[in-house]
Amino acid sequence: MFFKKKLIILNIIVSCSAIVASQKSPVSYLELFPGKGLEPVFLGHPYSSITPEEKKNCLLLQETCYTVLDNNSNHCALVGPLQPCQLLLLDFGKKTVVAHISSQSNLQDLLNKIKEEHPNIDSSTITGELFTNDSLTYDQEIFTTKGLTYKKLYQGRSQLQELKKNKDAIINTLNIPNRNQINALKFKSTKEDFALGNYEFAELFVLIKMINQKPAIFNTCPMAEEYFGNFSDLPIRERFAENSKLLNKILSPAFVNFQNKDAAYGKIPFYYISPNIFDTYHF
C-alpha cells in the first residue's frame with residue numbers, strides 16, 4: 001500500500017526476541033537535483049541503479065505476489081512501495097524466495113507451502129529479512145471508509161508488532177533455531193516530501209539481485225531508473241505523479257485472481273510470478 005507522507009527521524013528498528021534500535025544506516029551518494037552535485041542520503045539499504053541488462057530480467061512484485069530466484073541467475077526483483085507493506089526475503093542457499101506482504105496477504109499459507117515442498121531443508125542455514133518503512137499515516141483515516149486506518153487493517157497492531165508477528169511465523173513454521181537468522185527492519189527517514197528530488201521513490205522500493213550467488217537487498221528508485229518509462233523532461237513533482245499513476249494502473253495479479261474482493265486480514269493467497277515466463281517452477 002502506498003502513501004508518501006513526510007518521513008522524519010532516521011532509525012532502523014531490528015526485531016529479534018526484543019526490539020532493538022540501531023542508529024547506523026547505509027549512506028549513498030546521489031544527485032538529488034540536477035547540477036547540485038552528489039549528496040549523502042541515508043536509506044534502509046545501499047542504493048543501486050538498475051542496469052539495462054538487469055532491467056530486462058527484473059520483475060515487479062506487487063502486493064501479495066512472490067517469486068523464487070535462482071541464486072546463480074541474473075534475474076532480479078523490484079519490490080514496492082513498502083509503506084506499510086513489507087518485503088520478505090528468505091535465502092535457502094541455492095534459491096531465494098522474495099515476496100511483497102500486504103495486510104491481506106496470507107503469509108502462513110506461503111510458509112506452509114515452502115515447508116511442505118522442502119521438508120528436509122536444513123533450517124539452520126536459512127537466512128532472511130523482513131523490511132518496511134515507517135508510515136506517519138498509519139493511525140490516520142486515509143481511506144474512503146470512515147474510521148478506517150492502516151492500523152485497523154492490521155488488527156490494531158503497530159508496524160513493529162506486525163514485523164514481530166511475521167518474524168515469529170517464519171521462525172516457528174520453518175523451525176529456525178536462531179532468531180538472528182531473520183532480520184526485521186523498519187526504516188524511518190530524515191527526509192520530507194520531495195526532498196529526494198530525482199530519487200523520490202528511493203526509500204519505498206527495494207531491488208533484490210544476486211551478488212556472488214547470494215541475494216543482496218538494495219534501495220532503488222523506479223523514477224530515476226526509468227523503470228516505468230522516461231519522464232525526465234517533466235518537473236520532479238509531475239514526474240512523480242506520472243510514475244505513481246502508471247504504478248497504480250498495474251493491478252496486482254493476486255487481487256485480480258482472488259474472487260472475494262472484500263477479503264479481510266491475511267486472506268489472499270500469494271500469487272507466484274516466475275522470473276522467466278517460460279519457467280514453470282514453483283517453490
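Residues numbered from 1 in each chain as written. Predicted model: local features only at pLDDT ≥ 70, side-chain atom pairs only at ≥ 80, totals over all residues. Heavy atoms only, no water.

> Quick question: what am I supposed to make of the overall build of the chain here?
The number of helices and strands found in the chain is six helices and 14 strands. Taken across its 283 residues, the chain has 54% of its residues classed as buried. Considering only intrachain contacts with a sequence separation of at least 6, the fraction spanning at least 24 residues in the chain is 67%. Element-wise, carbon and sulfur atoms account for 52% of the exposed surface of the chain, whose accessible area totals about 13200 Å². (Helix = DSSP H or I, 4+ residues; strand = E, 2+ residues; numbered from the N terminus. Buried < 20%, exposed > 50% of the residue type's maximum accessible area, 1.4 Å probe, protein only. Contact = heavy atoms within 4.5 Å. Areas by Shrake-Rupley, 256 points an atom, 1.4 Å probe, with all protein chains shown as cover.)

> Please explain the nonpolar core as it appears in this structure.
The biggest cluster of nonpolar side chains holds 25 residues, and the ones touching the most others in it are Tyr47, Tyr199, Cys221 and Tyr227. Going through the elements one at a time, β5 (58–61), β7 (76–79), β12 (205–211) and α5 (236–249) are the ones with two or more residues in this core. Considering every element that reaches this core, the biggest residue donor is α5, with three residues. Ignoring anything within four residues of it in the chain, the contact list for Tyr199 reads Leu30, Glu31, Leu32, Tyr47, Cys221, Met223 and Ala224. By size, the runner-up hydrophobic cluster in this structure holds 24 residues, among which are Tyr66, Ile114, Ile126 and Leu163. (Core = buried A, V, L, I, M, F, W, Y, C linked by side-chain atoms within 4.5 Å.)

> So what exactly am I meant to see when it comes to the pattern of salt bridges here?
Side-chain pairing between opposite charges can occur once the charged atoms of the two side chains come close. Applying the stated criterion to the full structure yields nine salt bridges. Between Lys209 and Glu54 there is a salt bridge; the shortest N-O distance is 3.0 Å. With Lys209 in strand β12 and Glu54 in helix α1 (residues 52–56), the pair connects residues that are 155 residues apart, well separated along the chain. The salt bridge partner of Asp134 is Lys186, with a shortest N-O separation of 2.8 Å. Within this pair, whereas Asp134 is found in the loop between β10 (127–133) and α3 (150–153), its partner Lys186 is found in strand β11 (residues 182–188), the two being separated by 52 residues in sequence. By relative accessible area, which is 8% here, Asp134 ends up buried. Within this structure, Lys164, Asp168 and Arg179 form a network of salt bridges that share partners. (Salt bridge = Lys/Arg side-chain N within 4 Å of Asp/Glu carboxyl O.)

> What should I look at first to understand the pairing of strand β9 (residues 95–101) in this one?
The side chains of a regular strand alternate, residue by residue, between the two faces of the sheet. A large share of β9 lies buried, amounting to six of its seven residues. Across five bridges, strand β6 (residues 65–70) lies against β9 in antiparallel orientation. Along β9, the bridge assignment pairs Asp70 with Lys95. As defined by bridge partners, strand β8 (residues 86–91) adjoins β9 across six bridges and the pair is classed as antiparallel. (Pairing = 2+ DSSP bridges.)

> Please clarify how the side chain of Asn166 should be interpreted in this entry.
Considering the arrangement of structural elements, one finds Asn166 in helix α4 (residues 159–173). A distance of 2.9 Å separates polar atoms of two side chains, one belonging to Asn166 and the other to Gln86. In this structure, Asn166 is in contact with Gln86, Ile101, Leu107 and Leu130, ignoring residues within four places of it in sequence. (Polar contact = N/O pair within 3.5 Å; in protein donor to acceptor, adjacent residues only side chain to side chain.)

> Any chance you could explain α4 here in plain terms?
Every α-helical turn comprises 3.6 residues, leaving residues that sit three or four positions apart pointing alike. Its 15 residues give α4 an end-to-end C-alpha distance of 21 Å, which sits within 8% of 21 Å, the value for a rise of 1.5 Å per residue. Residues of α4 that are buried: Gln159, Glu162, Leu163, Asn166, Lys167, Ala169, Ile170, Ile171 and Thr173. Just past α4, the residue Asn175 takes up positive phi, approximately 55°. (Expected span 1.5 Å × (residues − 1).)

> Explanation requested: unusual backbone geometry in the structure shown.
Only a minority of non-glycine residues have a phi that is not negative, and only a minority of peptide bonds are not trans. Across the junction of Gly80 and Pro81, the peptide omega takes the value -5°, indicating a cis bond. As for its position among the elements, Pro81 is in the loop between β7 and β8. In this structure, the amide linkage connecting Gln83 to the following residue, Pro84, adopts the cis form with an omega of 5°. Here the phi dihedral of Gln155 falls at roughly 60°; this positive angle occurs in a residue that is not glycine. By the secondary structure assignment, Gln155 is in the loop between α3 and α4. The phi torsion at Glu226 lies on the positive side, around 55°, for a residue other than glycine. Relative to the helices and strands, Glu226 resides in the loop between β13 (214–220) and α5. What makes Glu226 partly exposed here is its relative accessible area of 33%.

> Quick question: what am I supposed to make of the confidence of the model for the chain here?
Segments scoring low in pLDDT should not have their predicted coordinates read at a detailed level. Mean pLDDT over the chain works out to 87, with 89% of the residues at or above the 70 mark. Low pLDDT, under 50, characterises residues 1–23; the predicted model gives this stretch 89 contacts beyond four residues in sequence or across chains. A low-confidence stretch, residues 278–283 stays under pLDDT 50, and its non-local contacts, those more than four residues away or across chains, total 16 contacts. (pLDDT = per-residue confidence, 0-100.)

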